[in-house]
Amino acid sequence: MTSSQGFLGFWETTGAGKTFTHPLDPALLDAYVPRSARLLDYGCGYGRLTAELAGSGYRAVCGVDVSAALVARGRREHPELELLHRPGFPLPFEDGSFDAALLFAVLTCVPGDADQTAIAGELGRLVRPGGVLYLSDVPLQGDALNREQYARFAERYGTYGVFETPDGGVFRHHPPERLRGLVREAGFAVVKERAGAVATLDGRTAERLQLIARREPAAPAPSPGPASG
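As the structure is a computational prediction, the values presented were derived from the model and not from experiment.

### Describing the nonpolar core
- Ranked by internal contacts, the top residues of the largest apolar core, which has 44 residues, are Tyr42 and Leu103.
- It is helix H5 (residues 113-126) that contributes the most residues to this core, four residues altogether.
- Core analysis: the second largest hydrophobic core is formed by 16 residues, Leu29, Leu53, Tyr58 and Leu102 among them.

Right, here's the structure in full:
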């Protein structure tokens, strides 16, 4: 994923001034990620959750975002944090560098299948075997307003669930199995799910889906067959 993609322009301009609202579930995080963990907050924006994690005792937290404007804002507001602007992959970390990664309301901001797959795959590379991915995102909503806009924009974007906002943003809501599938394809096994309601950027309320998934060990190489002859 690179910042040349059109939808990312929103996050360098109007989106960079937004106040994010998708909340961390501290009890859920505490149950799976110890304070000693090396933690990656991918799609950290202006460091809202990165700062919350650091303030709650996580001693090794790094935030990464594709938006230069959001990272610059984060560095102004939270100069004590490690916030990196990285518009593409691979990220500058070795395989298995992190004990856990957060992916919070990130996929909803990334409408394309290939870009979503790339994000999940990179986190699969960076989280060590046995480590944790904590994903929270917005599934398809059942209310009339959302159903209408899904249908209205489906032909333009080729995906039911993608929609535009009046201020120029492009967002995506997902079938829950889409989120589970991305996690599985990246090498994680879902061990916990939790649903609930959250505030959205436009002041409404939406249902969210949280997934805790554990990075599975790499499959062993097949044993060589018996020699012939």
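The discussion continues.
### A closer look at the packing of aromatic side chains
- In this structure the tally under the stated criterion is twelve aromatic pairs.
- Measuring from ring centre to ring centre gives 5.3 Å for tyrosine 150 and tyrosine 160, while their planes differ by 70°; the resulting arrangement is edge-to-face. Highlighted residues: tyrosine 150 in helix H6 (residues 144-157) and tyrosine 160 in the loop between H6 and strand S6 (162-164), separated in sequence by ten residues.
- Residue tyrosine 160 is classed as partly exposed on the basis of its relative accessible area, which comes to 42%.
- Aromatic rings pair up to connect Phe10, Trp11, Phe20, Tyr46, Tyr150, Tyr160, Phe163 and Phe171 into one cluster.
- Looking at arginine 73, its charged tip hangs above the ring of tyrosine 46, at a distance of 3.6 Å from the centre.
- Of note, arginine 215 hangs over the ring of phenylalanine 188, and the distance from its end group to the ring centre comes to 5.9 Å.

### Here's the deal with the sheet that holds strand S8 (residues 188-199)
- Pairing is mixed across the open sheet formed by seven strands, whose spatial order is S3-S2-S1-S4-S5-S9-S8. The open sheet terminates on both sides in strands that have one partner only, identified here as strand S3 (82-85) and S8. Strand-to-strand twist across the sheet, computed as the mean angle between neighbouring axes with direction ignored, equals 20°.
- Pairing geometry for strand S4 (residues 98-104) and strand S5 (residues 127-137), over six bridges, is parallel. Counterpart to leucine 103 in the pairing with S5 is leucine 135.
- Set on the sheet, helix H4 (residues 68-77) makes contact with strand S2 (60-65) and S3; between it and S3 the angle comes to about 160°.
- On top of the sheet, helix H7 (residues 176-185) reaches S5, S8 and strand S9 (205-215); it is set at about 25° to S9, its chief contact.

Quick notes on the rules
- Residues numbered from 1 in each chain as written.
- Predicted model: local features only at pLDDT ≥ 70, side-chain atom pairs only at ≥ 80, totals over all residues.
- Heavy atoms only, no water.
- Core = buried A, V, L, I, M, F, W, Y, C linked by side-chain atoms within 4.5 Å.
- Buried < 20%, exposed > 50% of the residue type's maximum accessible area, 1.4 Å probe, protein only.
- Helix = DSSP H or I, 4+ residues; strand = E, 2+ residues; numbered from the N terminus.
- Phe/Tyr/Trp six-rings, centres within 6.5 Å; stacked < 30°, edge-to-face > 60°.
- Lys NZ or Arg CZ within 6 Å of the ring centre and 35° of its normal.
- Pairing = 2+ DSSP bridges.
- Axes fitted to C-alpha atoms, helices over the stretch in contact; angles between N-to-C directions.
- Contact = heavy atoms within 4.5 Å.

No statement about biological role is implied by the geometric values presented.
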